[in-house]
Amino acid sequence: MIEVNGRQYHLKFNLGRLKLVENALKRPIITIYTEHSGAFSISEMETIFRICLKEDGADTFCSNKQASEIFQAALKTENGYLNVNNEIARQLNEDCPFLFPNTSSVSNTSEPEE
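Conventions and cut-offs
Residues numbered from 1 in each chain as written. Predicted model: local features only at pLDDT ≥ 70, side-chain atom pairs only at ≥ 80, totals over all residues. Heavy atoms only, no water. Salt bridge = Lys/Arg side-chain N within 4 Å of Asp/Glu carboxyl O. Helix = DSSP H or I, 4+ residues; strand = E, 2+ residues; numbered from the N terminus. Buried < 20%, exposed > 50% of the residue type's maximum accessible area, 1.4 Å probe, protein only. Contact = heavy atoms within 4.5 Å. Pairing = 2+ DSSP bridges. Axes fitted to C-alpha atoms, helices over the stretch in contact; angles between N-to-C directions.

A few words now on the pattern of salt bridges. Two side chains that carry opposite charge are able to pair once their charged atoms sit near each other. With the rule as written, the count across this model stands at five salt bridges. Salt-bridge contacts for Glu 55 lead to Arg 7; the nearest nitrogen and oxygen are separated by 3.0 Å. Note that Glu 55 is positioned in strand β3 (residues 53–55) and Arg 7 in strand β2 (residues 7–11), a separation of 48 residues in sequence. Relative accessible area serves as the criterion here: at 44%, Arg 7 is assigned to the partly exposed category. One salt bridge in this structure joins Glu 35 and Arg 27, with 2.4 Å as the shortest N-O distance. Overall, the relative accessible area of 29% leaves Arg 27 in the partly exposed class. Among the ionic contacts, a cluster of salt bridges with common partners joins Glu 87, Arg 90 and Glu 94.

Structure (structure tokens):
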């Protein structure tokens with residue numbers, strides 16, 4: 001969870017959002033994740049925020065402008081880069097266990113959400 005100006009936000013990944021992220025970054029997200037040991041560049045993180053950020057309790061995703069502003073504010077906090085990067089990695093693992101077969105439950109047979 002990300003908190004900015006007293007409001008709470010979270011990232012939400014699903015198959016459709018992953019496709020949008022990968023199209024924007026022009027690379028598979030898992031390739032970026034593994035090549036850099038889970039560290040995303042600032043521009044990659046901002047792209048992920050613009051596509052996957054939701055305010056807690058909201059049914060819709062934040063606008064590109066709002067998500068960019070929230071990203072920049074979160075990045076400027078103490079340990080901002082590390083906190084934002086860790087939140088992306090944590091939520092990606094939670095929402096998309098099919099990307100991480102070595103860490104996901106063997107009994108998990110659910111299909112990825114569209």
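On we go from here.
Turning to the environment of Ser 68, a few remarks are in order. Position of Ser 68 among the secondary structure elements: in helix α4 (residues 64–75). A sequence separation of 22 residues divides Ser 68 from Glu 46, and the C-alpha atoms of the two residues are 6.3 Å apart. Excluding residues within four positions of it along the chain, Ser 68 makes contact with Glu 46 and Arg 50.

Attention shifts here to the sheet that holds β3. As summarised here, the arrangement of the three strands in space is β1-β2-β3, forming an open sheet in which the pairing is antiparallel. The two strands at the open ends of the sheet, each matched to only one other strand, are β1 (2–4) and β3. With direction set aside, neighbouring strand axes in the sheet form an average angle of 35°. Where β2 meets β3, three bridges bridge the pair, whose relative direction is antiparallel. From the neighbouring strand, His 10 faces β3, where its bridge partner is Lys 54. The sheet strands contacting helix α3 (residues 42–52) are β1, β2 and β3, and the helix crosses β3 at an angle near 50°.

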